[in-house]
Amino acid sequence: MRQTHHPIAVVVLASLSSVVMAQGVGYTDTPKLPGQEWKVHDKDRPNPPVIDPGPAASEPAPPPSDAIVLFDGTNTDAWQHAGGRDAEWIVKDDGSMQVKAGSGDLLTRQSFGDCQLHIEWATPTTVIGESQGRGNSGVFFFGMYEIQILDSYDNTTYADGQAAALYGQYPPEVNACRAPGEWQTYDIIFEAPRFDSKGNLEKPAFVTVIHNGVVVHNRREFLGRTAHRALPSYAPHKAKGPIKLQDHGNPMRFRNIWVRPLVSTPENT
Ligand code: MG
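Residues numbered from 1 in each chain as written. Predicted model: local features only at pLDDT ≥ 70, side-chain atom pairs only at ≥ 80, totals over all residues. Heavy atoms only, no water.

*Asks:* Help me understand the overall build of the protein chain, please; the structure alone is not making it clear to me.
*Replies:* Looking only at helices and strands, the protein chain features 1 helix and 15 strands. Relative to its length of 269 residues, the protein chain is compact, with a C-alpha radius of gyration of 19 Å against a globular reference of 18 Å. By its C-alpha atoms, the protein chain is 60 × 50 × 45 Å across when sized along the principal axes. By the burial criterion, 49% of the 269 residues in the protein chain qualify as buried. Residue pairs at least 24 apart in sequence account for 67% of intrachain contacts in the protein chain once pairs closer than 6 positions are excluded. Accessible area for the protein chain stands at about 13,000 Å²; split by element, carbon and sulfur atoms hold 52% of it. Side chains of the protein chain give 24 positive and 30 negative charges; the mean places of these two sets differ by 6 Å. (Helix = DSSP H or I, 4+ residues; strand = E, 2+ residues; numbered from the N terminus. Rg over C-alpha atoms; globule rule 2.2 N^0.38 Å. Buried < 20%, exposed > 50% of the residue type's maximum accessible area, 1.4 Å probe, protein only. Contact = heavy atoms within 4.5 Å. Areas by Shrake-Rupley, 256 points an atom, 1.4 Å probe, with all protein chains shown as cover. Lys, Arg positive; Asp, Glu negative; His and termini not counted. Charge placed at Lys NZ, Arg CZ, Asp CG, Glu CD.)

Structure follows, in C-alpha cells:
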C-alpha cells in the first residue's frame, strides 16, 4: 500500500528525532537496561577510556592446526547469504574480503555452539560518515548475539554501540581501536546460552572479547538477543548456529577468520 505523509507530521517527527538522538550520540527515550543504571543507547552513558593497543602486526598470525578456517584470503566458500545464496562479498588482492554493500549479511555455512573465534577487520581508510554510519559491521553468534564492529577511532557514538560493545547492552572496558584502514583483531570466546526441553533459559550466553590484544569483556553476560532501541530478550534455539557478519553498507574488509569449536558444546543439537 502506498503511504502518504502529511507535511506537518513529517516536520514534527523530524524535530522529535533530533531530541531523542541529541547530536547523533545516543537516545533519551529508550528503556532502562536490567541490572544497569543506563538506558539502551543512553546518550549520558560515558564512553570508555581510549587506549593505544600498539601497532598492528605486519602479517596475520597463522591459525592453529585444529582451527576451522572460515576465510584464508582465497575464497568465500565457507559463507553464504540468507536462504543459501552464494556469498557476493569481494575477495581482494590484499587477502581480504570486502563487504559488497547491499548484498546482505554473510553467514557461515557451518554452525557452531561454544567457540573461540579469531577475526581481523579494517574500517575504510577514507573516512565517510559519523557515529553508527562510519565503518559499521558486526559479528553475530547464532546470527543474533552481536559484538559490534565500528570505526570508533575519533568517532563518538553511544557507548553501548561503539566498537567491541555487546551492541545495545555493554560498552567495552576500554576503547582499543586502531585508526581507519589499519588491521584490528578480535579474539572472542563465546559460550552459547542453554535452554531446557521446555525452552526455558537455563544459562545465558557469556562472552570474552579481546580487541587488538586487550581484554575488553571478561566473560560478560549477554542479556539476550541483540536489539536496536529495545530491551534484549532470549528465545529458545538450537545448541549450534551460524556466525554472521553484518552488511551495514560500509566497505569493511575482513581477513584471517578462523574458529575453534569448544568441547563444552552439547552433542544433542
Ligand atoms: Mg553493527
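*Asks:* I keep staring at the coordination of the magnesium ion and nothing clicks. Help me out?
*Replies:* Around a metal, the perfect tetrahedron of four donors has angles of 109.5 degrees, and the perfect octahedron of six donors has angles of 90 or 180 degrees. Taken together, Asn136 (OD1), Ser137 (O), Glu146 (OE), Gln148 (OE1) and Gln246 (OE1) make up the full set of protein donors to the magnesium ion, lying 2.2 to 2.5 Å away. Sequence positions of the donors to the magnesium ion reduce to the motif N-S-x8-E-x1-Q-x97-Q. In this pair, Asn136 is assigned in the loop between strand E6 (115–122) and strand E7 (137–141) and Gln246 in the loop between strand E14 (243–245) and strand E15 (253–261), connecting sequence segments 110 residues apart. (Donors = N, O, S within 2.8 Å, 3.2 Å for Na, K, Ca; no water.)

*Asks:* I tried to follow the nonpolar core on my own but got confused; where do I start?
*Replies:* Phe141, Tyr186, Phe190, Phe254 and Ile257 are the most contacted members of the largest nonpolar core, which totals 47 residues. Every element with two or more residues in this core is listed here: strand E1 (68–71), E6, E7, strand E8 (145–149), strand E9 (184–191), strand E12 (206–211), E14 and E15. Residue contributions to this core peak at 4 residues, all from E6. (Core = buried A, V, L, I, M, F, W, Y, C linked by side-chain atoms within 4.5 Å.)

*Asks:* What's the story with the sheet that holds strand E2 (residues 79–80) in this structure? I'm lost.
*Replies:* Strands pair in a sheet through their backbones, by hydrogen bonds, and they do so in one of two ways: parallel or antiparallel. Taken in spatial order, the 5 strands line up as E2-E5-E14-E7-E8 in an open sheet, and their pairing is antiparallel. Two strands in the sheet have a free side with no partner beyond their single neighbour: E2 and E8. As paired elements, E7 and E14 share 3 bridges and run antiparallel to each other. Paired with Phe140 across the two strands is Lys244, which belongs to E14. (Pairing = 2+ DSSP bridges.)

*Asks:* Help me out: how do you make sense of the environment of Ala78 in this one?
*Replies:* For Ala78, the location among the structural elements is in the loop between E1 and E2. Between the alpha carbons of Ala78 and Arg109 there is a distance of 5.7 Å; along the sequence they are 31 residues apart. For Ala78, the contacting residues outside a window of four places in its chain are Leu70, Leu107, Thr108 and Arg109.

*Asks:* Where do I start with the packing of aromatic side chains in this structure?
*Replies:* Note on aromatic pairs: each is described by the distance of the centres and the angle between the planes. Applying the stated criterion across every chain yields a total of 12 aromatic pairs. Residues Tyr27 and Tyr158 carry aromatic rings whose centres are separated by 5.9 Å and whose planes lie at 55° to one another, so their mutual orientation is tilted. Of this pair, Tyr27 sits in the loop between helix H1 (7–20) and E1 while Tyr158 sits in the loop between E8 and E9, and the two are 131 residues apart along the sequence. For the ring pair Phe141 and Phe190, a centre distance of 4.5 Å and an interplane angle of 5° mean the geometry is stacked. (Phe/Tyr/Trp six-rings, centres within 6.5 Å; stacked < 30°, edge-to-face > 60°.)

*Asks:* Which parts of the structure should I look at to understand unusual backbone geometry?
*Replies:* The phi angle of most residues is negative, glycine excepted, and most peptide bonds adopt the trans form. Residue Ala164 is not a glycine yet carries a positive backbone phi of 75°. Within the secondary structure, Ala164 sits in the loop between E8 and E9. Using a relative accessible area of 0% as the deciding quantity, one classes Ala164 as buried. Positive phi, normally seen in glycine, also occurs at Asn212, with a value near 50°.

*Asks:* Please explain the pairing of E8 as it appears in this structure.
*Replies:* Within a regular strand, the side chains alternate between the two sheet faces. Of all 5 residues making up E8, 5 are buried, and the element is well covered by its neighbours. Of the two faces of E8, the one lined by Tyr145, Ile147 and Ile149 and the one lined by Glu146 and Gln148 are each fully buried. Here E7 runs beside E8; their pairing, made up of 5 bridges, is antiparallel. Within the sheet, the bridge partner assigned to Ser137 lies in E8 and is Ile149. Linkage of E7 to E8, two consecutive antiparallel strands, is achieved through a turn of 3 residues, within which Phe142 is found at a positive phi near 60°.

*Asks:* Where do I start with the side chain of Glu191 in this structure?
*Replies:* Among the structural elements, Glu191 can be located in strand E9. A distance of 2.9 Å separates a polar atom in the side chain of Glu191 from a polar atom in the side chain of Lys203. Other than its neighbours up to four places away in sequence, Glu191 contacts Asp114, Lys203, Pro204, Ala205, Phe206 and Arg219. (Polar contact = N/O pair within 3.5 Å; in protein donor to acceptor, adjacent residues only side chain to side chain.)

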